[in-house]
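# Structural overview for review
Spelled out from the first residue to the last, the chains are:
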Amino acid sequence: MLFAVAAAGAVSALGACTASGAEGVSTPGLADRGVTMTTVKPTRQDLTNKVSLSGKVQLGPTFGLVAPVDGEIRYLDVKTATGTPTKPIKVANVWVGGKATPIEVPAGAVFSGRLVDDRSKVTAGMPVVSAKQAGYGVVADIDGSQAYQISDKLESVQAQIKSGPGPFPCTVLGTLAALPAGTIPEPVTPQPNPSASAAPPPKVVGQQQQPSEPTGMRLVCVPPADVKAINGAAATVEVITARVTGALVLPVEAVAGSQGKGKVDVVKADQTRETREVTLGLSDGKVIEIKSGLTGDETIAVPGPNLPAAKNNEPMPGFSK
């Protein structure tokens, strides 16, 4: 009997607790953004911006070369390579203001196509030539969400072959941009001289060079010569795009905004808050660099401030009422 009474009392107490807890008490983890849950102080640490890509080992990968400056491109007639080139091959010039800037396929690769029409206007960074690496490379595809995280000015690239060699430094070839199909013009045959008594030499028909096929956005890099590569083997490529030493950082939860501009809530001594604009830098997903706007002595509210919501009667960008 005493056991039954005690059990009933426990159930009654639990029910009362549940009922009272449901009345106006919210779960801290679900608090609205802008409500101060805790505070942090900015700290300093080294930051590295890394992007990890999935790839594979490929024999003879295609990569693209870009126009070095704005101007008019004029291609050169390039002879079909009979072996692996041991020095760069000049394939085009970009002309501007009477000055020519050359474009060369690096040693160890062969010309495999023109990507724009001859004498086209081109801009710096535009893919204009495709080339084919004579040997193994590591190819990693890049999707749209990663395209702007990675620039052509890469700090360093490391690769790891799955269940194989690595990590090892991997030398990047060409551009990361997607490439159209290449074209290779017919070789120019010299016209015979009608006044010459001797017959022209017979035309030698050799193997027709195949132009490059279109590619998506991807990174192509070459492993060191002493790395054993197997065509088709899976690989992981880690790209370091930037580094900063001793950066002033905050947890990402304390900052509202992105793409270089943000806001934080500074908690004053009287517990009032001041929303302050800051300039953002690198982030590793846990903390983000504060390049300007704070001295480092402030107390910052977590989570960060709310961004203003769009009004219902405001038209969407690009549309009129």
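In this report, we go over the structure that sits alongside the text. Think of each chain on its own: its residues are numbered from 1, step by step along the sequence as written. Totals for whole chains, interfaces and linings use all residues, but because this is a predicted model, local features are given only for residues with pLDDT of at least 70 and pairs of side-chain atoms are given and counted only at 80 or more. Excluding hydrogens and water, the side-chain figures rest on all heavy atoms present in the structure.

### Digging into the overall build of the protein
Test applied: What counts as a helix is a DSSP run of H or I of at least four residues, what counts as a strand is a run of E of at least two, and both are numbered from the N terminus. In what follows, a contact means two residues having at least one pair of non-hydrogen atoms within 4.5 Å.
Along the backbone of the protein there are two helices and 20 strands. Residue pairs at least 24 apart in sequence account for 75% of intrachain contacts in the protein once pairs closer than 6 positions are excluded.

### Side note on the pairing of strand β7 (residues 109–114)
Operational definition: The rule is simple: take the accessible area with a 1.4 Å probe, protein chains only, and divide by the maximum for that residue type; under 20% is buried, over 50% is exposed, in between is partly exposed. For two strands to be treated as a pair, DSSP must find no fewer than two bridges joining them.
Burial of β7 is extensive: five of the six residues sit out of reach of the surface. Sheet analysis places β7 next to strand β9 (residues 127–133), joined by five bridges and oriented antiparallel. When the bridges of β9 are listed, arginine 114 appears paired with valine 129.

### Focus on the sheet that holds strand β8 (residues 121–122)
Across the sheet, which stays open at both edges, the four strands sit in the order β6-β5-β4-β8 with antiparallel pairing between neighbours. Two strands in the sheet have a free side with no partner beyond their single neighbour: β6 (99–105) and β8. For strand β4 (residues 71–75) and strand β5 (residues 89–96), the ladder comprises four bridges, and the chain directions are antiparallel. Bridge assignment links tyrosine 75 to a residue of β5, and that residue is alanine 92.

### A look at the nonpolar core
To keep things clear, this is the line we draw: Among buried residues, those of type Ala, Val, Leu, Ile, Met, Phe, Trp, Tyr and Cys that are joined through side-chain atoms within 4.5 Å constitute a nonpolar core.
Counting 22 residues, the largest nonpolar core has Leu53, Ile150, Val157, Cys170, Leu219, Val237 and Val239 as its most contacted members. Of all the elements in the fold, those that place two or more residues in this core are β2 (43–59), β10 (136–141), β11 (156–161), β14 (218–222) and β15 (234–251). Aside from chain neighbours lying at most four places away, what touches leucine 219 is Leu53, Val138, Val139, Ala140, Ile142, Leu154, Val157, Val172, Leu176, Val237 and Val239.

### Some thoughts on the environment of glutamine 149
Note that glutamine 149 resides in the loop between α2 (144–147) and β11. For the pair glutamine 149 and lysine 50, spaced 99 residues apart in sequence, the C-alpha to C-alpha distance is 9.0 Å. Those residues in contact with glutamine 149, other than ones at most four positions away along the chain, are Asn49, Val51 and Thr241.

### Thoughts on empty space enclosed by the protein
Gaps between atoms show up when a probe of the same size as a water molecule is rolled over them. Short version of the rule: Here a cavity denotes grid points, spaced 1 Å and computed from the protein atoms alone, that fit a 1.4 Å probe unable to get out, and a pocket denotes an open set having protein on both sides within 12 Å along at least 5 of 7 lines; residues with an atom within 4 Å of a point are the lining. Grid points are joined across faces, edges and corners, and a volume is the space filled by probe spheres set on the points. In this classification, the charged set is Asp, Glu, Lys and Arg, the nonpolar set is Ala, Val, Leu, Ile, Met, Phe, Trp, Tyr, Cys and Pro, and all remaining amino acids, among them Gly, are polar.
Counted according to the given criterion, the structure contains one cavity of 30 Å³ or more. In this structure, the largest cavity encloses a volume near 40 Å³. Along the walls of the largest cavity sit Thr62, Phe63, Gly64, Leu173, Thr175, Ala177, Leu179, Thr215, Gly216, Arg218 and Val220, which together make up its complete lining. When residues of the lining of the largest cavity are traced back to their parent elements, those giving at least two are β3 (62–66) and β14. Per-element tally for the lining of the largest cavity: the top contributor is β3, with three residues. Residues that form the lining of the largest cavity fall into these classes: five nonpolar, five polar and one charged.

### Some points on the pattern of salt bridges
Just so we agree on the cut-off: We define a salt bridge as a contact between a side-chain nitrogen of Lys or Arg and a carboxyl oxygen of Asp or Glu at a distance within 4 Å.
Scanning all chains against the criterion turns up seven salt bridges. Here glutamate 72 ties to arginine 74 by a salt bridge, and the two come within 2.9 Å at their closest N and O atoms. Between glutamate 72 and arginine 119 there is a salt bridge, with the nearest N and O atoms lying 3.6 Å from each other. Highlighted residues: glutamate 72 in strand β4 and arginine 119 in the loop between β7 and β8, separated in sequence by 47 residues. Residue classification places glutamate 72 among the buried residues on the basis of a relative accessible area of 17%.

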